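What follows is each chain in one-letter form.
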Amino acid sequence: MSSPPTFPSPDASITEALRSVLPDLSVGALLGFATGLALRKVGRLALIALGLLFVAVQLLASWDLLSVNWPRVQALAEPVLRQGGEAGAAWLGRVLTANLPFAGAYTAGLVLGLRARG
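Residues numbered from 1 in each chain as written. Predicted model: local features only at pLDDT ≥ 70, side-chain atom pairs only at ≥ 80, totals over all residues. Heavy atoms only, no water.

Within the chain one finds three helices and zero strands. Looking at the chain as a whole, 9% of its 118 residues are labelled buried. The contacts of the chain with a sequence gap of at least 6 include a subset with a gap of at least 24, amounting to 76%. With an accessible surface of roughly 9,400 Å², the chain has 70% of that area assigned to carbon and sulfur atoms. (Helix = DSSP H or I, 4+ residues; strand = E, 2+ residues; numbered from the N terminus. Buried < 20%, exposed > 50% of the residue type's maximum accessible area, 1.4 Å probe, protein only. Contact = heavy atoms within 4.5 Å. Areas by Shrake-Rupley, 256 points an atom, 1.4 Å probe, with all protein chains shown as cover.)

The subject of this paragraph is the confidence of the model for the chain. Scored by pLDDT, the chain comes out at a mean of 82, with 78% of its residues at no less than 70. Element-level mean pLDDT values for the chain span from 83 in helix α2 (residues 70-97) up to 87 in helix α3 (residues 103-115). (pLDDT = per-residue confidence, 0-100.)

The tally for this structure, following the rule as stated, stands at one salt bridge. Among the ionic pairs, R82 bridges to E78, the shortest N-O distance being 3.3 Å. Highlighted residues: R82 and E78, both in helix α2, separated by four residues, approximately one helical turn. Look at E78 and you get partly exposed, because its relative accessible area is 37%. (Salt bridge = Lys/Arg side-chain N within 4 Å of Asp/Glu carboxyl O.)

Glancing now at unusual backbone geometry. Look at D64: it is not a glycine, yet its phi comes out positive at around 60°. You can call D64 exposed: its relative accessible area is 71%.

Bringing α3 into the picture now. For an α-helix, 3.6 residues make a turn, and residues three or four places apart therefore share a direction. In this model, α3 (13 residues) spans 18 Å end to end at C-alpha, consistent with the 18 Å of a helix rising 1.5 Å per residue. Those residues of α3 lying buried are A105, Y106, G109, L110 and G113. Taken down its axis, α3 places every buried residue within 140° of arc, on the same side. Exposed and facing more than 90 degrees away from the buried side of α3 are G104, L112 and R115. (Expected span 1.5 Å × (residues − 1). Arc of directions from axis to C-beta.)

Moving on to a nonpolar patch on the surface. On the surface, L39, W91, L92, V95 and L114 cluster together into a nonpolar patch covering about 420 Å² of accessible area. No other element matches α2, which puts three residues into the nonpolar patch. Looking at the secondary structure, you find L39 in helix α1 (residues 10-62). (Patch = residues over 30% accessible without salt bridge, like charges linked within 9 Å, V, L, I, M, F, W, Y side chains within 5 Å.)

Encoded structure:
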């Protein structure tokens, strides 16, 4: 009497398939998460600097040392901000994922890093 043939379990084949790409996925996710956290910190510092600049300009304007044509500032900034937001996000995505074999894991980590509390 012979023993019945043994078949590999589906879970084992998935595990074996993932084992070869797991280092790339984990490194990509870790680097993406770190980049997301760094972008959050740099973005926060940039917004603080912009706010302090606005307070300084308003302070100088209140002392009549400076006169600001705010409608002109808005007219100059509006097209740049509108176009820059759309083009800037696409450009940043291309730069951050260029030549990365693990771009999917990196992007997922980046999104998690940008959304992380802390």
